[in-house]
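Now for the letters of each chain:
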Amino acid sequence: MHGYIHSIETMGTVDGPGLRYVVFTAGCPLRCKYCHNPDTWHIENGKKMTSEEIMADFEKYRPYLRSGGLTVSGGDPLVQIDFVTELFELAKKSRVHTCLDTSGTSFNTNPERVKKFRKLTQFTDLVMLDIKHIDSKGYKDLTGGNLDETLSFLDFLEKETKCEVWIRHVILKGYTYNTEYLYKLGYHIGAYKNIKALDVLPYHAMAVNKYENLGIEYPLKDMKEMTKEDAIKARSVIEAGMADRIQGNAARY
Ligand code: SF4
């Protein structure tokens, strides 16, 4: 089977544990206002590659990737779930650590859909789950998508799989950088035992030029960038929510 691939990075350092071979798939149904990769949105812009071709290329770099493995990011990899499943199955046959970097978009409890996710997660070691906003309306406004898909995917991961989960969350003023939302995020994820790490990322306006080149208006033109210090503060609020949940305290909001 072939997939549509936007690009491949052979020495990724921020896409899972250790050094990673990162496959960025083409296609994403969301339109996050801060998206750094608007050039990945359309599946038809990707280059066709088979999973065998990708694994053959992976093998060239394998000596450097011993502490890491294979990550599939995007776009959103779930747009091409059958292809990613096949790729991860091949990777696991070669004893390669597999990581799925996704927002959980397109997950739902339709039995046929769940069957596909069961198959994919059987070959997935780690899911880096991007929870873009913890409020349904805020999520819709920020991404155009549906928060339920992300949260029910998280539920599914805990109840039905052995995948480890790392949570990612981008903070930006006027959207997610808000004490109530951050605390609620922490209180929500505090209920899950499969979550092993939390990454709070400050918003950067790195993609402005890409938008200009693509002739798309950048939705956050006047948005101020966030700092590492902001991320540290946000993290402590999320952790307070998690601690309350773990200790059985009532939610503050
Ligand atoms: S999910 Fe990722 S690729 Fe898709 S719009 Fe959001 S930031 Fe961009």
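The structure under discussion appears in the preceding block.
Residues numbered from 1 in each chain as written. Predicted model: local features only at pLDDT ≥ 70, side-chain atom pairs only at ≥ 80, totals over all residues. Heavy atoms only, no water.

### Some details on the packing of aromatic side chains
Part 1: Summed over all chains, the structure comprises 12 aromatic pairs.
Part 2: Judged by centre distance (5.4 Å) and plane angle (70°), the rings of tyrosine 21 and phenylalanine 58 are edge-to-face. Taken together, the residues tyrosine 21 in strand S2 (residues 20-25) and phenylalanine 58 in helix H1 (residues 51-61) connect sequence positions 37 residues apart.
Part 3: Between tyrosine 21 and tyrosine 61, the aromatic rings sit 6.0 Å apart at their centres with planes inclined by 45°, giving tilted as the arrangement. Placement of tyrosine 21 in strand S2 and of tyrosine 61 in helix H1 is noted, with a sequence separation of 40 residues between them.
Part 4: You can call tyrosine 21 buried: its relative accessible area is 0%.
Part 5: Since its relative accessible area comes to 24%, tyrosine 61 is described here as partly exposed.
Part 6: Among the aromatic residues, those joined into a cluster by ring pairs are Phe107, Phe117, Phe153 and Phe156. (Phe/Tyr/Trp six-rings, centres within 6.5 Å; stacked < 30°, edge-to-face > 60°. Helix = DSSP H or I, 4+ residues; strand = E, 2+ residues; numbered from the N terminus. Buried < 20%, exposed > 50% of the residue type's maximum accessible area, 1.4 Å probe, protein only.)

### Let's talk about the environment of tyrosine 61
Part 1: Remark: the alpha-carbon pair of tyrosine 61 and methionine 11, spanning 50 residues in sequence, is separated by 8.6 Å.
Part 2: Among residues more than four places away in sequence, those in contact with tyrosine 61 are Thr10, Met11 and Tyr21. (Contact = heavy atoms within 4.5 Å.)

### What about the nonpolar core?
Part 1: Counting 67 residues, the largest nonpolar core has Leu70, Ile131, Phe153, Leu154, Ile167, Ile189 and Tyr203 as its most contacted members.
Part 2: If sequence neighbours within four positions are ignored, leucine 154 has contacts with Leu129, Ile131, Val165, Ile167, His188, Ile189, Tyr192, Asn194 and Ile195. (Core = buried A, V, L, I, M, F, W, Y, C linked by side-chain atoms within 4.5 Å.)

### Observations concerning the side chain of lysine 33
Part 1: One can find lysine 33 in the loop between S2 and strand S3 (47-50).
Part 2: Looking at lysine 33, its side chain comes within polar contact range of the side chain of aspartate 141, at 3.1 Å.
Part 3: Once you skip the residues sitting within four places of it in the chain, lysine 33 turns out to touch Asp141, Leu142, Tyr175, Tyr211, Tyr218, Pro219 and Leu220. (Polar contact = N/O pair within 3.5 Å; in protein donor to acceptor, adjacent residues only side chain to side chain.)

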